[in-house]
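A look at the structure
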Amino acid sequence: QKEVEQDPGPLSVPEGAIVSLNCTYSNSAFQYFMWYRQYSRKGPELLMYTYSSGNKEDGRFTAQVDKSSKYISLFIRDSQPSDSATYLCAMSQVRTGANNLFFGTGTRLTVIP
Amino acid sequence: GAVVSQHPSRVICKSGTSVKIECRSLDFQATTMFWYRQFPKKSLMLMATSNEGSKATYEQGVEKDKFLINHASLTLSTLTVTSAHPEDSSFYICSASSSPGTDTQYFGPGTRLTVL
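Now for a quick tour of the structure. Sequence order sets the numbering: in each chain, residues are counted from 1 along the sequence as written. Labels follow written order: the first chain is A, the first ligand is 1, and so on. Local features are withheld for residues below a pLDDT of 70 in this predicted model, meaning they are given only at 70 or higher, and side-chain atom pairs are given and counted only at 80 or more; totals for whole chains, interfaces and linings count all residues. The basis for the side-chain values is all heavy atoms of the structure; hydrogens and waters are excluded.

Our next topic: unusual backbone geometry. Cis geometry is found at the peptide bond from A:Gly9 to A:Pro10, where omega equals 5°. Strands are runs of DSSP state E lasting at least two residues, helices are runs of H or I lasting at least four, and both sets are numbered from the N terminus onward. Mapped onto the fold, A:Pro10 is located in the loop between β1 (4-6) and β2 (11-14). In this chain, B:His7 is followed by B:Pro8 through a cis amide linkage whose omega measures 0°. If you trace the backbone, B:Pro8 turns up in the loop between β1 (4-7) and β2 (10-13). One non-glycine residue, B:Ser83, lies in the positive phi region at around 45°. Here B:Ser83 shows up in the loop between β8 (76-81) and β9 (90-97).

Put into structure tokens, the structure is as follows:
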């Protein structure tokens, strides 16, 4: 079983729709959860960073962590064509000094104008 | 803030040659830098972790004599692909972390390597 599971998509939605992206994980030691956005042929860009369970909102983006279910989500409201990209979830353990992130495979999102 | 650059962005080389890729943290000191490899439609695969002034730690299955990593300063790490072969063609991405205790990594834009 992979440490982090993410549906690769592709996911296509009309402009203005609410997008829900999800990841599940198996390691209960993960404490730090991140969402990265990666445009084609570019490096990942950090979108959201959360610690432990709960919600975090930043503009049109909301990150949600449910540690009891080992499930994290990223919601995008009022989606725009510029949101079309691959979204990668990532997570890491309590600070061990190793600084290693475990990534999902990424979900490719297309927002259709 | 937290900008990481990579150079070159794209390189094409002949089989058997060596290629050096630079990763720089532009506005912060990177105590730790990471090198990843990404295949089309696949996630990032961590190759190695390097701390400034010490030898890199390679992930299982990554040949350290083939992928030479140098982290000589707090703002620069280099990855040299030695004796490159077509199967080394890939997208190489570096990332940097400003503190040993933080798990936030900032990624560079990536380098597309094509070996003919």
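After that view, the rundown keeps rolling.
Facing the 23 residues of chain A at the interface are 28 residues of chain B. Accessible surface is computed with a 1.4 Å probe, and the buried area is the amount of it that two parts give up when combined, taken over both parts together. Both sides of the chain A and chain B interface together cover about 1700 Å² of buried area, and 48% of this is carbon and sulfur. Any carboxyl oxygen of Asp or Glu within 4 Å of a side-chain nitrogen of Lys or Arg constitutes a salt bridge here. Across the chain A-chain B interface, the total number found is zero salt bridges. Two N or O atoms count as a polar contact when they lie within 3.5 Å, although within protein this holds only if one can serve as hydrogen donor and the other as acceptor, and sequence-adjacent residues are included solely when both atoms are side-chain atoms. Our count for the chain A to chain B interface comes out at two residue pairs in polar contact (both at pLDDT 80 or more). Residue contacts follow a heavy-atom distance rule, with two residues in contact if any of their heavy atoms lie within 4.5 Å.

It is worth spelling out the pattern of salt bridges at this point. Residues and elements named next belong to chain A. Within this structure, the stated rule accounts for five salt bridges over all chains. One salt bridge connects Asp83 with Arg60, and the closest N-O pair in it is separated by 2.9 Å. With Asp83 in the loop between β8 (71-76) and β9 (85-93) and Arg60 in the loop between β6 (54-58) and β7 (61-66), the pair connects residues that are 23 residues apart, well separated along the chain. Take Asp83: its relative accessible area is 2%, and that puts it in the buried class. The class of Arg60 is partly exposed, set by a relative accessible area of 26%. Accessible area is worked out with a 1.4 Å probe on protein chains only. A residue is then buried under 20% of its type maximum, exposed over 50%, and partly exposed in between.

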